[in-house]
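Okay, here's what each chain looks like letter by letter:
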Amino acid sequence: MKLTKSFEQGVCIMAIIATQEENVPVSSRTLQARVGSSMTYMQKLLRKLVVAGLIKSAPGANGGFVLARSITNI
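## Digging into helix 1 (residues 5-18)
End to end, helix 1 covers 20 Å across 14 residues, agreeing with the expected 20 Å (1.5 Å per residue, within 8%). Close packing links the buried residues of helix 1 with helix 2 (28-35), helix 3 (39-51), strand 1 (55-58) and strand 2 (64-67).

Here's what the structure looks like:
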């Protein structure tokens, strides 16, 4: 089975968010820099993860993305 690039990057995004302090949002710019994709592509991936219920967005000046539920339940 061959994994797609978007699947691999989605898993990387989830791993980055999961290894941060709990309930401390990770900005899309930070994720984009660490994964190494364009900002437009990163936003599409993040949207897919939000719609899937894996992550949720935290609005505001210190906003970003956090896991929608415990990593053990994902």
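## Comments concerning a nonpolar patch on the surface
Taken together, the side chains of Met1, Leu3, Phe7 and Val11 define a hydrophobic patch exposed on the protein surface, amounting to about 480 Å² of accessible area. Note on placement: Leu3 falls in the segment before helix 1.

## Re the nonpolar core
Ranked by internal contacts, the top residues of the largest apolar core, which has 16 residues, are Ile13, Ile17, Leu31, Met42, Leu46 and Ile55. Secondary-structure elements contributing two or more residues to this core are helix 1, helix 2, helix 3 and strand 2. Tallying contributions element by element places helix 3 first for this core, with five residues. With residues up to four places along the chain from it excluded, the contact list for Leu31 reads Ile13, Ile16, Ile17, Val26, Met42, Leu46 and Phe65.

Criteria and thresholds
Residues numbered from 1 in each chain as written. Predicted model: local features only at pLDDT ≥ 70, side-chain atom pairs only at ≥ 80, totals over all residues. Heavy atoms only, no water. Helix = DSSP H or I, 4+ residues; strand = E, 2+ residues; numbered from the N terminus. Expected span 1.5 Å × (residues − 1). Contact = heavy atoms within 4.5 Å. Patch = residues over 30% accessible without salt bridge, like charges linked within 9 Å, V, L, I, M, F, W, Y side chains within 5 Å. Areas by Shrake-Rupley, 256 points an atom, 1.4 Å probe, with all protein chains shown as cover. Salt bridge = Lys/Arg side-chain N within 4 Å of Asp/Glu carboxyl O. Core = buried A, V, L, I, M, F, W, Y, C linked by side-chain atoms within 4.5 Å. Buried < 20%, exposed > 50% of the residue type's maximum accessible area, 1.4 Å probe, protein only.

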